[in-house]
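Structural description and commentary
So you can see what is in the structure, the chains are spelled out below.
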Amino acid sequence: SEGQFVVALNPELTDELRDEGMAREVVNRVQRLRKEAGYDFTTRIRLGLVADESILASARALATFIAGETLARSIEVGKDVPGGDFLETVDLDGAPLRVSMARVDDG
């Protein structure tokens, strides 16, 4: 508090906040892998995510957010992308996350 102003914070983590945090971590890993794969900034992709169910549940809940942030035209949650041209397993808060990607030809 300062003067007449008081701020109170609720430190409780809701399921929605956990899902959002996990989705942001997924986006972070995918963005790094896009760069590693040599994809151009504007390259559209098909995205596959394989992980334990808690990660996949968050990915399902926020699939539209993840797609928008990673330029994914489609997301396969729980499956690799068929015919993908990039596959990598990364650490996501101590759990493995397998990311597969394939370029989408807009032409």
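Residues numbered from 1 in each chain as written. Predicted model: local features only at pLDDT ≥ 70, side-chain atom pairs only at ≥ 80, totals over all residues. Heavy atoms only, no water.

**Focus on the packing of helix 1 (residues 15-36) against helix 2 (residues 53-61)**
One can describe the packing of helix 1 onto helix 2 by two numbers: an axis separation of 8 Å at closest approach and a directional angle of 90°. Relative to helix 2, the element helix 1 lies roughly perpendicular. On helix 2, the residues that touch Arg18, Asp19, Met22 and Val26 of helix 1 are Ile55, Ser58 and Ala61. A per-class count over the contact of helix 1 with helix 2 returns four nonpolar, one polar and two charged. (Axes fitted to C-alpha atoms, helices over the stretch in contact; angles between N-to-C directions. Helix = DSSP H or I, 4+ residues; strand = E, 2+ residues; numbered from the N terminus. Parallel < 35°, antiparallel > 145°, perpendicular 65-115°, else oblique. Contact = heavy atoms within 4.5 Å. Nonpolar A, V, L, I, M, F, W, Y, C, P; charged D, E, K, R; others polar.)

**Describing the sheet that holds strand 4 (residues 95-103)**
Here we have four strands laid out as an open sheet, ordered 2-1-4-3, and mixed in their pairing. A strand with exactly one partner marks an edge of an open sheet, and here the two such strands are strand 2 (72-77) and strand 3 (86-92). Looking at each pair of strands side by side, their axes are set apart by 20° on average, direction ignored. In the sheet, strand 1 (residues 45-50) pairs with strand 4 via six bridges, with the strands oriented antiparallel. Paired with Val50 across the two strands is Arg98, which belongs to strand 4. (Pairing = 2+ DSSP bridges.)

**Re the pattern of salt bridges**
For the structure on display, the rule yields six salt bridges. The partner of Asp15 in a salt bridge is Arg18, with the nearest N and O atoms 3.5 Å apart. Highlighted residues: Asp15 and Arg18, both in helix 1, separated by three residues, approximately one helical turn. With a relative accessible area of 46%, Arg18 lands in the partly exposed category. Of the charged contacts, one joins Lys79 and Glu76 as a salt bridge, the two residues approaching to 3.6 Å between their closest N and O atoms. Overall, Lys79 belongs to the partly exposed group, its relative accessible area being 49%. Exposure remark for Glu76: the relative accessible area of 26% places this residue in the partly exposed category. (Salt bridge = Lys/Arg side-chain N within 4 Å of Asp/Glu carboxyl O. Buried < 20%, exposed > 50% of the residue type's maximum accessible area, 1.4 Å probe, protein only.)

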